[in-house]
Structures are given as structure tokens and as C-alpha cells.
Amino acid sequence: MSMLNDLKIERKLMAAFAVVILAIVAMGGTVFMQVNALEKARMDRVRASAVQREAESAKFYLARQESSYRGFLLSRDPYYLERLSAHGENFGKSLDRITQLDRTSEDEVRAARAAAAEWTRNVVETGRVLVADSATYGQAVAMVGREGAADKYISPAEDALEALVEEKAQQSRVYGEVQDTVAKSVRMVLIGGVVLALIIAAAMAFMLTNLLGKPLLSMTSAMRRLAGGDTSIIVPAMGRKDEVGQMASAVTAFKDAAIANARLEAEAVAQRAAAEEERARVEAEKARAAEEDRVAITALAEGLQAMAGGDLTHRMTAEVSPKAAQLKTDFNAAISQLEQAVAVVVTNVAAIRSGSSEISQASDDLSRRTEQQAASLEETAAAL
């Protein structure tokens, strides 16, 4: 069976049809031989019957010759001699037809022909001469009597024809039996051949169904399930080397491709989910960072606004992210240093203002003293 599985579908079909054709040829050959035998038996029977009929016809014409001769003896009318001659010709024609139909009857035909010729020569010809003379007429009549010599001449012809008739009748019966036997045999051969052909056809159909039909149906079902997305199918007919095996290999390749595609799709879905989760995490991280930046910037803006308003005592107290903690520390340190610097500047300004005031007063005093000295000098000059 494995060898049949490995054969190509074309060879399987050719082998199946070859078996059926061989069975038909064998049955046809057997029937042909039986029909030939039947036809041969029929032809032999027909030939035997025809020879029998011709032999009986020859017997009839031989008897008519004898009757015509007796009529000639009774009436002395030459008409009966003409009839006798005509019956003799028909007798000869019947014997000729017997020879043409059956070569095996030549001995009987020869014997009958020779006896008829002897009868014609010794009885008819002699009787014609004796009848012409009234004195010898009685001798001619006596020749055809019970004790006459005519019977000894014609009896061999009658015996030969009678034997031939009996022989052909027996052959006809035998050929008839053979014909019946062969006809029964033909019927049996036909019935047996038809039954055998049906058995072989059923066997070939069963074999092709098992070798092709069932695997193809299983393959079709597997392909339909695979097309529906079922990759858990078991591909039938794997390992076969025919077209069904090639189809199984192709379906296996489709199955593997479908499994790989499903795996890739699952991986793609997982990757998309991971990417979406990462994106959400990044967005959340961005939102958190943005909120932290907003808090830090808002606190810085409030500090700068307070600084711009001259409030150097303002400090960033809002909770900020670790990355903005340094900014908070730096801002508070910077504003604290600025406060200290401004305090120093204010102190220095006060000192400068105090010094300026003293300088202005000293200048005023100096101016007054200068004016006084100038007046004194003027007075001195004037005095001088």
C-alpha cells in the first residue's frame, strides 16, 4: 500500500484503468473465442444439415429416377426417359453440392455416383434396348422385379446416401449439443465476466477512494480549518511522495506560515501594548515633570516678583522636585546674600550720608571762614 501511496496520481489512475481494461480485454477475448466456437458449431451444424438435406434430395431424385424408369417400363413412353434424365441431372447436382459443402463426404458421394451410374448403364440402358423388342420386354420388366438385378445396382447408392444422411443427422445433433454447450458457456462467461468486471471496478473504486478520495477529503477539511484560522490541525498524508503528499507539504508550509504570522502578530500586539504603556509612562513622567517645573517656576516667579518689589526677606518655601532643589537653595542663598549686601549698602549709604552731611557742614563752615578771611583780606587790602 505504501508503494501505491508513493505513485503519482496519473500512474494510479493509469494502473486502475489498465486493470479494468485488461479485465475487459480478457473477458472480450474469452467471449470472442466462445462466440467463435459457437459460430463454428452453428456453421458445422448448418453444413451438416445442408449436407443431410442434399443427401435426402439426392435420395429423392434417385427414387424419382427409379420411378420414372418404372413408368417407362409400364407405358413405354419416352417422356419418362426424359424425366429420368432430368432427375438424374438433379441427382448429380445434389451430389455436387454435397461435395462442395463437405469434403469429408466425398467417399459416400463417389460410391453413390458410381452405383447410380452402374444402375443407369446396366439397368436403364439395357432396359431401353429390351423394351424396344416385345420378345425381350419381359426381361426388362423382370430386371426391376423383386428378384431382378436392378436392386443390386441401386442399393449401394441408396445405402451410401442413407449412411450419409444418418451420419449428418448424427453430426447435426452433436453440433447442436455443442452449440447449446457453447451457448451456455458464453452465457456463463458473460455473466462471470460482468461479475468479475464489476468486482474489479468496485475494487479499483475502493482502492482509488482509499488512495485518493479520503486523503483529498481529509486534506480539504484540513485546508478549510486552516483557512478559518485553526493552526492546531494535523496535516494528513504526510510522508507520501505523490501529489497528495506534495499538497500535504504545501499545507504544512501554510500552517507554519500561519503559526509564524500569528506569533508575529502577537509579538506586534505585545510590542504595541508595551509601547503604549511606555508612552503613557513617558506622558505621565512628562506631566509630573511639567507639574514640578510649574511649581518651581511659580515659586521662583513669586520670589523674583518679591525681589522686584524690594522684599529681600522673601524665601522659596514651596516643595519642589529634587532637580529644582538646587535652584531653590541657590535662589534663597542669592536673595539672602543680596539682602546682606543691600543691608551693607544701606549701612554704607547711611555712613556716606552722615559723612556727606559733615562734609557739607564743614564746607559751609569753611566757606564762611573763607568769606570771613576774604572780608578780612579785603579789609586788610583796603587797609593796606
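Residues numbered from 1 in each chain as written. Predicted model: local features only at pLDDT ≥ 70, side-chain atom pairs only at ≥ 80, totals over all residues. Heavy atoms only, no water.

**Q** Help me understand the overall build of the protein, please; the structure alone is not making it clear to me.
**A** Looking only at helices and strands, the protein has eight helices and zero strands in total. What you see for the protein is a C-alpha radius of gyration of 75 Å, clearly larger than the 21 Å of a compact globule of 384 residues, by over 25%. With respect to the principal axes defined by its C-alpha atoms, the protein has extents near 260 × 45 × 25 Å. Averaged over its 45 positive side-chain charges, the protein has a centre that lies 13 Å from the centre of its 52 negative ones. (Helix = DSSP H or I, 4+ residues; strand = E, 2+ residues; numbered from the N terminus. Rg over C-alpha atoms; globule rule 2.2 N^0.38 Å. Lys, Arg positive; Asp, Glu negative; His and termini not counted. Charge placed at Lys NZ, Arg CZ, Asp CG, Glu CD.)

**Q** I keep staring at unusual backbone geometry and nothing clicks. Help me out?
**A** Both trends apply: most residues other than glycine have a negative phi, and most peptide bonds are in trans. Non-glycine residue R76 carries a positive phi angle of around 60°. You can see R76 is positioned in the loop between helix 2 (9-75) and helix 3 (78-101). With a relative accessible area of 38%, R76 lands in the partly exposed category. (Buried < 20%, exposed > 50% of the residue type's maximum accessible area, 1.4 Å probe, protein only.)

**Q** I tried to follow the pattern of salt bridges on my own but got confused; where do I start?
**A** Any two side chains of opposite charge can pair, so long as their charged atoms come close to each other. Counted by the stated rule, this structure contains 14 salt bridges. For E54, the salt bridge identified is with R97, shortest N-O distance 3.0 Å. Of this pair, E54 sits in helix 2 while R97 sits in helix 3, and the two are 43 residues apart along the sequence. Overall, R97 belongs to the partly exposed group, its relative accessible area being 35%. A single network of salt bridges, built from pairs that share partners, joins K40, D44 and R47. (Salt bridge = Lys/Arg side-chain N within 4 Å of Asp/Glu carboxyl O.)

**Q** What's the story with the packing of aromatic side chains in this structure? I'm lost.
**A** For the coordinates displayed, the defined rule picks out three aromatic pairs. With centroids separated by 5.9 Å and ring planes inclined at 80°, the aromatic side chains of Y69 and W119 adopt a geometry described as edge-to-face. One end of the pair, Y69, is in helix 2; the other, W119, is in helix 4 (residues 106-132), and 50 residues separate them in sequence. Taken as a pair, Y69 and W119 share a single burial class, namely buried. Ring centres of Y79 and Y80 lie 5.5 Å apart, and the angle between their planes is 70°; this geometry places the pair in the edge-to-face category. For Y80, a relative accessible area of 31% gives the class partly exposed. (Phe/Tyr/Trp six-rings, centres within 6.5 Å; stacked < 30°, edge-to-face > 60°.)

**Q** For this particular structure, what's the right way to read the nonpolar core?
**A** Soluble globular proteins tend to pack their nonpolar side chains together in the buried interior. Membership of the largest hydrophobic core comes to 33 residues, with the highest contact counts inside it found for Y69, F91, L95 and W119. Within the residue set of this core, elements represented by two or more residues are helix 2, helix 3, helix 4, helix 5 (137-143) and helix 6 (150-227). With nine residues, the single largest contributor to this core is helix 4. Those residues in contact with L95, other than ones at most four positions away along the chain, are A58, V109, A112, R113 and L161. (Core = buried A, V, L, I, M, F, W, Y, C linked by side-chain atoms within 4.5 Å. Contact = heavy atoms within 4.5 Å.)

**Q** How should the packing of helix 3 against helix 4 be read in this particular structure?
**A** The description of two helices packed together rests on the angle between their axes and the distance between the axes. Two elements in contact, helix 3 and helix 4, have axes whose closest approach is 10 Å; the angle formed by their N-to-C orientations is 170°. Viewed along their axes, helix 3 and helix 4 adopt a mutual orientation that is roughly antiparallel. Within the contact between the two elements, helix 3 uses L81, L84, F91, G92, L95, D96, I98 and T99 and helix 4 uses E106, V109, A112, R113, A116, W119, V124 and R128. Partitioning the contact of helix 3 with helix 4 into residue classes produces 10 nonpolar, two polar and four charged. (Axes fitted to C-alpha atoms, helices over the stretch in contact; angles between N-to-C directions. Parallel < 35°, antiparallel > 145°, perpendicular 65-115°, else oblique. Nonpolar A, V, L, I, M, F, W, Y, C, P; charged D, E, K, R; others polar.)

**Q** Help me understand the environment of Q100 in this model?
**A** For Q100, the position within the fold is in helix 3. Residue Q100 is classed as exposed on the basis of its relative accessible area, which comes to 62%. Residues Q100 and V51, spaced 49 residues apart in sequence, show a C-alpha to C-alpha distance of 9.4 Å.

**Q** How should the environment of L62 be read in this particular structure?
**A** Note that L62 resides in helix 2. For the pair formed by L62 and A157, sequence separation is 95 residues and the distance between their alpha carbons is 8.4 Å.

**Q** Could you clarify how one ought to interpret helix 4 in this entry?
**A** Within an α-helix, residues lying three or four positions from one another point in the same direction, as the helix has 3.6 residues per turn. For helix 4, built from 27 residues, the straight-helix expectation of 39 Å at 1.5 Å per residue is met to within 8% by its first-to-last C-alpha distance of 37 Å. Considered for burial, the residues of helix 4 that qualify are V109, A112, A115, A116, W119, V123, V124, G127, L130 and V131. (Expected span 1.5 Å × (residues − 1).)

**Q** I'm lost on the environment of R281 in this one. Help?
**A** Within the secondary structure layout, R281 lies in helix 7 (residues 243-308). Taking C-alpha positions, R281 is 130 Å from K93, a pair spaced 188 residues apart along the chain.

**Q** Help me out: how do you make sense of the side chain of E66 in this one?
**A** Within the secondary structure, E66 is located in helix 2. Exposure remark for E66: the relative accessible area of 14% places this residue in the buried category. Among residues more than four places away in sequence, those in contact with E66 are W119, D151, I154 and E158.

**Q** It is not clear to me how the side chain of Q52 should be interpreted in this structure. Could you clarify?
**A** Among the structural elements, Q52 can be located in helix 2. For Q52, a relative accessible area of 17% translates into the label buried. In contact with Q52, other than residues within four places in its own chain, are V165, K168, A169 and S172.

**Q** Honestly, the confidence of the model for the protein in this entry has me stumped. Any pointers?
**A** Low-confidence regions, as indicated by low pLDDT, have predicted coordinates that should not be scrutinised in detail. Here the protein averages 79 in pLDDT, while 92% of its residues score no lower than 70. Looking at the elements of the protein, mean pLDDT is at its lowest for helix 1 (residues 2-6), recorded as 57, and at its highest for helix 3, recorded as 89. (pLDDT = per-residue confidence, 0-100.)

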